[in-house]
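So the chains spell out like this:
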Amino acid sequence: MSEDTPSQAPPAEDQHDAHRLEQQRREKRDAIADLGVDPYGSATSDLIYLNDARDKYAKKADDAWNAETARAKEAGEDPNRDADQRPRVKVAGRIVLKRDGGKLIWLQLRDHTTGPASLFEDPEIPTAVKRKLDPDLQIAISKKDVEAPGFEIAQQFDLGDTVIVEGPLMKTRKGETTIWASAVEIASKSITPPPEKWSGLTDIDQRYRRRYVDLHTNPRTMWTMRMRSRLMSLIRTHMEARGYLEVDTPVLQAQAGGAAAKPFVTHMNALHMDLFMRIAPELYLKRLLVGGMPRVYEVSRNFRNEGLSPRHNPEFTSMEAYEAFGDYNTMMELAEGLVRACAAYVCDEYHDAGDLVLPFGDLNIDYADNFMQITFRDLFKNALGFDVDDHDSAMKAAPKHKVRTHTEEGAERAPILIINDLFEEAAEPTIDPQRPTFVTDYPSALSPLTKPKADDPAYCERWDLFIGNMEIGPAYTELNDPDVQAAKFREQLAGQGADEETFRNFDDDFVHALKVGMPPAGGIGLGLDRICMLLLNAKSIRDVILFPMMRPEAD
RNA sequence: GGGGGAGUAGCUCAAUCGGUAGAGCAACGGCCUUUUAAGCCGCAGGUUCAGGGUUCGAGUCCCUGCUCCCCCA
């Protein structure tokens, strides 16, 4: 790390304002160092969070001490220090406001448990966020009362510095809970000027790129990310309670299987071979069923080399689970229970949330009632007016719904792909976005890893869950006949040529695993980022991913 | 890939018909020991995303490029 001290080169004439502001902060940092204090602090014990500190205020002790100081003043004596029974706390926080009164300096400190006072009156901020936070905690640093060199250090404080304060809890005349500092330390000098103190960082690009600033200036972001973490934990607990074993399977794969998507390619030097980053963990998890693990799940980071959108990040997180001797109905119960449990957890954070109804943009999504069910076939026919099997009508309807009937090379696209596009274009939007809905019994041709229905093999035992106009994930009764699986792989390879939406791999080893014998099973994949979007009311997937994909900053 | 919107001081934003780029916050120099987005006085801070063009004159109009947002393929 390079040291850039003021003793080096004085500021150049043409230096930008940002550099000037940083230089001033470096000078303050060095002034602190000159007091014999490390401006970057060290390990500190006995710290409590700001909301806990606020809770320790004791009115009785505060009143008693005020009475003693009044008495002492009247008598012209020093107050009896032993009479000070006010609880003492030691806290760390970032300075978000500073009022320098000369001999008395006021600070507002923030940590992950606090937010600006204004937030609590902002109707845009969800009650859940307000409920979870306390206002930033006030500190008073009196030249008379703080031990040396605390006041000299405090005079070098800037907005954005992280500081440690110790002292008794009192209330000001206006009734604000305050730590009256007896000792002050610096934990980390901030060289970069912070965003504007009232509006914070609002530039969406900067919020994603510099999430570390977004997190401490925007309590809503902090809340969202903390809630995401808790939901992940809740999902794991939910799965463990049902006897599922969490496993890790390869991210680097010789063949990217388990879904139809473009993979990222990378290269392994040691074996002189290209590898793919997984687009789904499915085929490995099913191998574990073959191996005798009855219930497995993986919280899986998947990678798809496709576009970015408010609903797509190239790396995203899914939860896939497989249950031996289950089927797609088993998975339906699992999914509904899991989503409802997550919704209940989030609702619990809202004071005024009704019975399991959560806002998502303009929608109010109802997680209380049983999720809706409709077959692919019925939904298709209701929306388009003809049957799924009616390929002629499909071809005629395609242009109206902006669905391509031919590839860019001019070849005819397979009817099933046109059906699928029509379904996505015209049928999916007819699903009530406020009622979570399972669309069941997809065409077998769209689902090469799914077991066909015994009474109607053109359709298969698969559902997709839709909530709030988003696809949350599919589940299957898993195909476990190796010969049928091999045939479907071959069909996919041969049938659609270069069409991107088809599987392009024949996974020999997976078929081999099925030949060893996989028990009948249900499997599920849920998009966890999207579940977080729904439950935490985030308009963009980037709002629930700490560091979303961004083009590198030009410099 | 196409369409629309945006990019101005460290941050948040102004700038009328094309006519001297401004404000608040932050910073800096002062005053102030119970302040509440503290206040008062003073002082600074700009490659208007980049490059080209039109014009007496461009933040503003035109062209090209870059980045972000939204919609579409």
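Let me begin by describing the structure that accompanies this report. Fair warning: this is a prediction, and the values are worked out from it, not measured in the lab. (Residues numbered from 1 in each chain as written. Chains lettered and ligands numbered in written order. Predicted model: local features only at pLDDT ≥ 70, side-chain atom pairs only at ≥ 80, totals over all residues. Heavy atoms only, no water.)

Strand order in the open sheet formed by three strands is β10-β12-β11, and the pairing between neighbours is antiparallel. The sheet is open, and its two edges are formed by β10 (252-253) and β11 (265-268), each paired on a single side. (Pairing = 2+ DSSP bridges. Helix = DSSP H or I, 4+ residues; strand = E, 2+ residues; numbered from the N terminus.)

What follows deals with the pairing of strand β1 (residues 88-100). Inspection of the sheet shows β1 paired to strand β6 (residues 162-171) by seven bridges, in the antiparallel sense. For K90, the partnering residue across the bridge sits in β6 and is E166. Note that β1 and strand β2 (residues 104-110) share six bridges and pair antiparallel. Paired with K98 across the strands is L107, a residue of β2. In sequence, β1 turns back onto β2 through a hairpin of three residues, with G102 there showing a positive phi of about 90°.

This part covers a nonpolar patch on the surface. A cluster of nonpolar side chains, contributed by Y212, L546 and F547, occupies part of the molecular surface with about 340 Å² of accessible area. Turning to its location among the elements, L546 is positioned in the segment after α16 (528-536). (Patch = residues over 30% accessible without salt bridge, like charges linked within 9 Å, V, L, I, M, F, W, Y side chains within 5 Å. Areas by Shrake-Rupley, 256 points an atom, 1.4 Å probe, with all protein chains shown as cover. Salt bridge = Lys/Arg side-chain N within 4 Å of Asp/Glu carboxyl O.)

The final tally for this structure, using the stated rule, is 10 aromatic pairs. Site record: aromatic cluster; members linked through ring pairs are F376, F380, F386, F423 and Y442. Sitting above the plane of the Y284 ring, R287 keeps its charged end 4.6 Å from the centroid. (Phe/Tyr/Trp six-rings, centres within 6.5 Å; stacked < 30°, edge-to-face > 60°. Lys NZ or Arg CZ within 6 Å of the ring centre and 35° of its normal.)

Turning our eyes to something else, we now look at the sheet that holds strand β21 (residues 462-467). Spatial strand order, β9-β13-β14-β23-β22-β21-β18-β17: eight strands in an open sheet with mixed pairing. Only two strands of the sheet have a single partner each, and these edge strands are β9 (245-246) and β17 (372-375). In this structure, β21 lies alongside strand β22 (residues 470-477), joined through six bridges in antiparallel fashion. Among the inter-strand pairings, L465 is bridged to a residue of β22, identified as G473.

Glancing now at the packing of helix α8 (residues 219-241) against helix α10 (residues 328-347). Helix-helix packing: each pair is described by the crossing angle between the helix axes and the interaxial distance. Taken N-terminus to C-terminus, the directions of α8 and α10 make an angle of 140°; their axes are 10 Å apart at the nearest point. With respect to their mutual orientation, α8 and α10 come out oblique. Seen along the crossing, α8 lies across α10 with a hand that is right-handed. On α10, the residues touching M227, R230, L231, L234, I235, H238 and M239 of α8 are L334, G337, L338, A341, C342, Y345 and V346. Residue composition of the contact of α8 with α10, grouped by class: 11 nonpolar, two polar and one charged. (Axes fitted to C-alpha atoms, helices over the stretch in contact; angles between N-to-C directions. Parallel < 35°, antiparallel > 145°, perpendicular 65-115°, else oblique. Left-handed = near helix turned anticlockwise from the far one by under 90°. Contact = heavy atoms within 4.5 Å. Nonpolar A, V, L, I, M, F, W, Y, C, P; charged D, E, K, R; others polar.)

Moving on, we come to the environment of A260. In this structure, A260 sits in the loop between β10 and β11. Owing to a relative accessible area of 34%, A260 belongs among the partly exposed residues under this scheme. (Buried < 20%, exposed > 50% of the residue type's maximum accessible area, 1.4 Å probe, protein only.)

As a further point, take the protein's contact with RNA strand B. Taken together, 40 residues form the shell around RNA strand B, and within it Q24, R99, Q138, T172 and R542 come nearest. When the atoms of RNA strand B within 4 Å of the protein are sorted by group, sugar and phosphate make up 62%. A distance of 3.1 Å separates a base nitrogen of RNA strand B from a polar atom in the backbone of D100. Side-chain polar atom of T172 to a base oxygen of RNA strand B: 2.9 Å apart, as the coordinates give it. (Near = heavy atom within 4 Å. Polar contact = N/O pair within 3.5 Å; in protein donor to acceptor, adjacent residues only side chain to side chain.)

What follows concerns the state of the cysteines. Enumeration over the complete set of coordinates arrives at zero disulfides. Lacking any disulfide linkage, C347 is separated from the closest cysteine sulfur, that of C342, by 11 Å. (Disulfide = S-S within 2.5 Å.)

Under the counting rule described, the total for this entry stands at 32 salt bridges. With a closest N to O distance of 3.3 Å, E77 and R71 form a salt bridge. Overall, E77 belongs to the partly exposed group, its relative accessible area being 43%. You can call R71 partly exposed: its relative accessible area is 38%. Its salt-bridge partner being R462, residue D464 comes within 3.2 Å of it at the nearest N-O pair. With relative accessibility at 1%, the residue D464 sits in the buried group.

Of all the residues in helix α11 (residues 376-384), the buried ones are F376, L379, F380 and L384. Buried residues in α11, looked at end-on, bunch into an arc of 105°, giving them a common side. Turning to α11, the residues buried within the fold contact β17, α13 (415-427) and β18 (437-440). Looking one or two places after α11, you find G385, whose phi comes out positive at around 85°. (Arc of directions from axis to C-beta.)

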